[in-house]
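Listed below are the residues making up each chain.
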Amino acid sequence: MKTTGVVVDYIGLAEEVQRAVVDPTSEGSAGKGGGFVTDLTELVAEFRITFARIEDLLADVDGLDLTAHGYESVRAINGFLDQP
(Lines give C-alpha, C1' and ligand atoms only; values in the text may rest on other atoms or scores of the structure.)
Protein backbone atom coordinates (compact mmCIF):
# COMPACT_ATOMS: atom_id res chain seq x y z
CA MET A 1 0.00 0.00 0.00
CA LYS A 2 1.35 3.38 -0.98
CA THR A 3 1.28 5.86 1.88
CA THR A 4 2.86 8.92 0.26
CA GLY A 5 3.22 10.44 -3.19
CA VAL A 6 3.45 13.52 -5.30
CA VAL A 7 0.60 14.96 -7.30
CA VAL A 8 1.71 16.38 -10.65
CA ASP A 9 -0.72 18.58 -12.54
CA TYR A 10 -0.18 18.46 -16.31
CA ILE A 11 -3.44 20.19 -17.17
CA GLY A 12 -2.77 22.98 -19.63
CA LEU A 13 0.88 21.99 -20.12
CA ALA A 14 0.51 21.29 -23.84
CA GLU A 15 -1.01 24.74 -24.39
CA GLU A 16 1.83 26.41 -22.48
CA VAL A 17 4.46 24.52 -24.47
CA GLN A 18 2.69 25.47 -27.68
CA ARG A 19 2.68 29.14 -26.63
CA ALA A 20 6.38 28.94 -25.78
CA VAL A 21 7.37 27.75 -29.25
CA VAL A 22 4.96 29.82 -31.30
CA ASP A 23 6.35 31.57 -34.34
CA PRO A 24 5.79 35.26 -33.52
CA THR A 25 5.79 36.11 -37.22
CA SER A 26 2.92 33.80 -38.09
CA GLU A 27 -0.39 35.48 -38.80
CA GLY A 28 -2.75 35.66 -35.84
CA SER A 29 -0.19 34.40 -33.33
CA ALA A 30 -0.31 37.38 -30.96
CA GLY A 31 -0.57 35.80 -27.54
CA LYS A 32 -2.07 32.60 -28.90
CA GLY A 33 -0.82 29.08 -29.31
CA GLY A 34 -0.24 27.51 -32.67
CA GLY A 35 2.11 28.33 -35.48
CA PHE A 36 4.92 26.05 -34.31
CA VAL A 37 8.35 26.96 -35.57
CA THR A 38 9.26 24.14 -37.94
CA ASP A 39 12.26 25.59 -39.78
CA LEU A 40 14.99 25.88 -37.20
CA THR A 41 17.71 26.89 -39.66
CA GLU A 42 17.31 30.63 -39.10
CA LEU A 43 16.88 30.21 -35.35
CA VAL A 44 20.06 28.12 -35.09
CA ALA A 45 22.01 30.66 -37.14
CA GLU A 46 20.73 33.51 -34.98
CA PHE A 47 21.57 31.59 -31.80
CA ARG A 48 25.12 30.91 -33.00
CA ILE A 49 25.66 34.59 -33.80
CA THR A 50 24.25 35.67 -30.45
CA PHE A 51 26.28 33.10 -28.54
CA ALA A 52 29.47 34.15 -30.37
CA ARG A 53 28.76 37.73 -29.22
CA ILE A 54 28.35 36.50 -25.64
CA GLU A 55 31.66 34.64 -25.89
CA ASP A 56 33.30 37.82 -27.21
CA LEU A 57 31.90 39.87 -24.33
CA LEU A 58 33.19 37.36 -21.78
CA ALA A 59 36.52 36.61 -23.49
CA ASP A 60 38.63 38.76 -21.15
CA VAL A 61 36.95 37.82 -17.88
CA ASP A 62 39.54 36.52 -15.40
CA GLY A 63 39.04 32.87 -14.49
CA LEU A 64 36.84 32.06 -17.47
CA ASP A 65 38.42 29.82 -20.12
CA LEU A 66 36.58 30.04 -23.43
CA THR A 67 39.23 28.40 -25.60
CA ALA A 68 36.82 25.54 -26.27
CA HIS A 69 33.75 26.51 -28.24
CA GLY A 70 30.29 25.05 -28.43
CA TYR A 71 28.91 23.03 -25.54
CA GLU A 72 32.14 23.20 -23.53
CA SER A 73 31.98 26.98 -23.73
CA VAL A 74 28.39 26.91 -22.46
CA ARG A 75 29.47 24.70 -19.55
CA ALA A 76 32.37 27.04 -18.72
CA ILE A 77 30.08 30.10 -18.71
CA ASN A 78 27.47 28.31 -16.57
CA GLY A 79 30.11 27.18 -14.10
CA PHE A 80 31.56 30.67 -13.90
CA LEU A 81 28.17 32.30 -13.35
CA ASP A 82 27.23 29.76 -10.67
CA GLN A 83 30.24 30.66 -8.53
CA PRO A 84 29.40 32.55 -5.33
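Residues numbered from 1 in each chain as written. Predicted model: local features only at pLDDT ≥ 70, side-chain atom pairs only at ≥ 80, totals over all residues. Heavy atoms only, no water.

(A) Geometry of the packing of helix 2 (residues 41-58) against helix 3 (residues 71-81). Contact geometry of helix 2 with helix 3 gives a least axis separation of 12 Å together with a crossing angle of 50°. Considering the angle they form, helix 2 stands oblique to helix 3. By crossing handedness, the relation of helix 2 to helix 3 is classed as left-handed. On helix 3, the residues touching Phe 51, Ile 54, Glu 55 and Leu 58 of helix 2 are Ser 73, Val 74 and Ile 77. (Axes fitted to C-alpha atoms, helices over the stretch in contact; angles between N-to-C directions. Helix = DSSP H or I, 4+ residues; strand = E, 2+ residues; numbered from the N terminus. Parallel < 35°, antiparallel > 145°, perpendicular 65-115°, else oblique. Left-handed = near helix turned anticlockwise from the far one by under 90°. Contact = heavy atoms within 4.5 Å.)

(B) Layout of a nonpolar patch on the surface. A cluster of nonpolar side chains, Val 6, Val 8, Tyr 10, Leu 13, Val 17 and Val 21, forms an exposed patch at the surface whose accessible area comes to about 590 Å². Judged by relative accessible area, Val 21 falls into the partly exposed class, the value being 36%. (Patch = residues over 30% accessible without salt bridge, like charges linked within 9 Å, V, L, I, M, F, W, Y side chains within 5 Å. Areas by Shrake-Rupley, 256 points an atom, 1.4 Å probe, with all protein chains shown as cover. Salt bridge = Lys/Arg side-chain N within 4 Å of Asp/Glu carboxyl O. Buried < 20%, exposed > 50% of the residue type's maximum accessible area, 1.4 Å probe, protein only.)

(C) Molecular detail of the environment of Gly 79. Structurally, Gly 79 is set in helix 3. Remark: the alpha-carbon pair of Gly 79 and Leu 64, spanning 15 residues in sequence, is separated by 9.0 Å.

(D) Spatial organisation of the packing of aromatic side chains. Under the criterion given, the structure shown has one aromatic pair. Ring geometry for Phe 47 versus Phe 51: centroids 5.9 Å apart, planes at 20°, classification stacked. In this pair, Phe 47 and Phe 51 both sit in helix 2, four residues apart, roughly one turn of the helix. By relative accessible area, which is 52% here, Phe 47 ends up exposed. (Phe/Tyr/Trp six-rings, centres within 6.5 Å; stacked < 30°, edge-to-face > 60°.)

Keep in mind that these numbers describe shape and distance, not what the molecule does.
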